[in-house]
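# Overview (structure and organization)
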Amino acid sequence: MNQFNTNNLLWEEIIPGGNHWSGLIRRGTALRISDMEGGANLSALFYNPENKLERYNMPDTLKAQHTAFLTTGNVCYSDMGRVMCSIINDKVGWHDTICGITDAGMIEAKYGKATFQTHRNAMHRNGKDGLLVELAKYGLSKRDLVANVNFFSKVIPDEAGSLSFVEANSKAGDFVDVRFDMNVLLVLSTAPHPLDSITNYQPAAVKLSAWHIGLAEADDVCRLSCIQNGRGFINTERYYL
Amino acid sequence: MTHLFESNLDPKDAVLSEICNAGDPWMAEVKKGQTFRILDLEGNQAVDTLFYSATDSEERYSAVDTISRQGKLYLTTGSVLYSNEGNPMLTIIADTCGRHDTLGGACASESNTVRYALDKRSMHSCRDSFMHALNHCGCATHRNMSKRDITANINFFMNVPVTSDGRLSFADGISGAGKYVEMRAEMDVVVLISNCPQLNNPCNAYNPTPVQLLVWNA
């Protein structure tokens, strides 16, 4: 496995806060995803570019690993029982999977109106419309928009299931390293988390740093973190034989 | 503390009353204002359920909207079931079970290979039932629905607690024979159910059983 090193970067790109991004990330590539300012939220969806009906599945990811959040050792499952990507290194400790995204109405109700006409590119953007714009570039639409991962955000339940947003879960410079175990169409939004308790619209920028990491080895932290993941990696490996 | 709320509706007055056998799908339309009840006939039966707007099936039940718009993980009396457009689709108005899951999703051949063993692929699963219903049920075939429309569902009568440290467990059921959940439709909806055939975990007490579906007019 090739560790992250500033000398072996393939490319880097900064996504400003509130914005959206998409791209094809090939199997064996990893992304270091960095919170540039602290308090970032990066909503992410994953699709198989060969068969875009195969997509990240939140319930399958959670129940295979008996967890409601993601951190080192966890993987993201497709709805076809395959490991799409893996969290191999995480400075944050908790990434939300259950709260979804904001839409235009939620952003306006919480932060007020800020349109392109009045604010140019500092306009308020929402997660749903950002993801839909990116999905449309690949012929995908509302029907393909499913429960997403919210990197850098943390929401905890009490015993009755009431949720609380945890502020400052991620600090400026914190990062998570994600290895792509399949070719993945990656779709991202840096709009605020829907339960973010900060009342100013100030979504943080996120940096993507790509490097060639290779495939999961026999002693991989994600492969070995639970017996289910061992089977998930076998399913992924068979797909590429 | 779970609060249970009973209904005053009499099954004799229902305009629809059907049995969905263990492991079978079920699909029907429920009109705005009608009341829809799912009755757990023998106890601890997971009823995997999705809802679609009857006028536009691209508007559908959204687990994450339902969770984040109410700040609550579990469903019970008073919970609103939200669509991906942020619209209330149904409201739970009676519940003698007390807690229903919307994180655990539906079983599928492929996820069974991950969760249990690679050779479990051939066991009957909820996604097979969903696909079968979309291919055959009269209220699906003209809507051009497919796997694209299958998203994170509700598991009525299933107990999937999340601890404050984020662990998710499949706990023994808290339902029992005769328990039910009842909801009022806030729009015309299509209901898609898989009466879960899972034999590998306690969601059905390892013994899938039939449920009854009832509808009352407003």
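Up top is the structure.
Remember, predicted model here, so these are calculated numbers, not experimental data.

## Brief notes about the overall build of chain B
When its secondary structure is counted, chain B shows four helices and 10 strands. The order of α-helices and β-strands along chain B, N terminus first, is β-β-β-β-α-β-β-α-α-α-β-β-β-β. For chain B, the C-alpha radius of gyration of 16 Å lies close to 17 Å, the compact-globule estimate for 218 residues. With respect to the three principal axes, the spread of C-alpha positions in chain B is 50 × 45 × 35 Å. Here chain B holds 218 residues, and the buried ones make up 50% of them. Sequence separation of 24 or more characterises 76% of the internal contacts of chain B that already satisfy a separation of 6 or more.

## Concerning the sheet that holds strand β9 (residues 189-195) of chain B
Residue and element names in this part refer to chain B. Within the open sheet, the four strands sit side by side as β2-β9-β4-β7. Their pairing is antiparallel. Each having just a single partner strand, β2 (25-30) and β7 (154-156) make up the two edges of the open sheet. Adjacent strand axes in the sheet meet at a mean angle of 30° when their direction is disregarded. Relative to β9, β2 runs antiparallel, the two being bridged by six bridges. Within β9, the residue paired with W26 across the bridge is I193.

## Some remarks on the interface of chain A and chain B
Put simply, an interface is often sized by how much accessible area is lost when its parts join up. The partner chain B presents 34 residues to the 41 residues of chain A that form the contact. Those elements that provide at least two residues to the side of chain A that touches chain B are α1 (58-65), β11 (155-157) and α5 (227-239) of chain A. It is α1(A) that contributes the most residues to the side of chain A that touches chain B, six residues altogether. Residues of the side of chain A that touches chain B, tallied by class, amount to 21 nonpolar, 11 polar and nine charged.

Rules and cut-offs
- Residues numbered from 1 in each chain as written.
- Chains lettered and ligands numbered in written order.
- Predicted model: local features only at pLDDT ≥ 70, side-chain atom pairs only at ≥ 80, totals over all residues.
- Helix = DSSP H or I, 4+ residues; strand = E, 2+ residues; numbered from the N terminus.
- Rg over C-alpha atoms; globule rule 2.2 N^0.38 Å.
- Buried ≥ 20, exposed ≤ 12 C-beta atoms within 10 Å, placed from the backbone.
- Contact = placed C-beta atoms within 7 Å.
- Pairing = 2+ DSSP bridges.
- Axes fitted to C-alpha atoms, helices over the stretch in contact; angles between N-to-C directions.
- Nonpolar A, V, L, I, M, F, W, Y, C, P; charged D, E, K, R; others polar.

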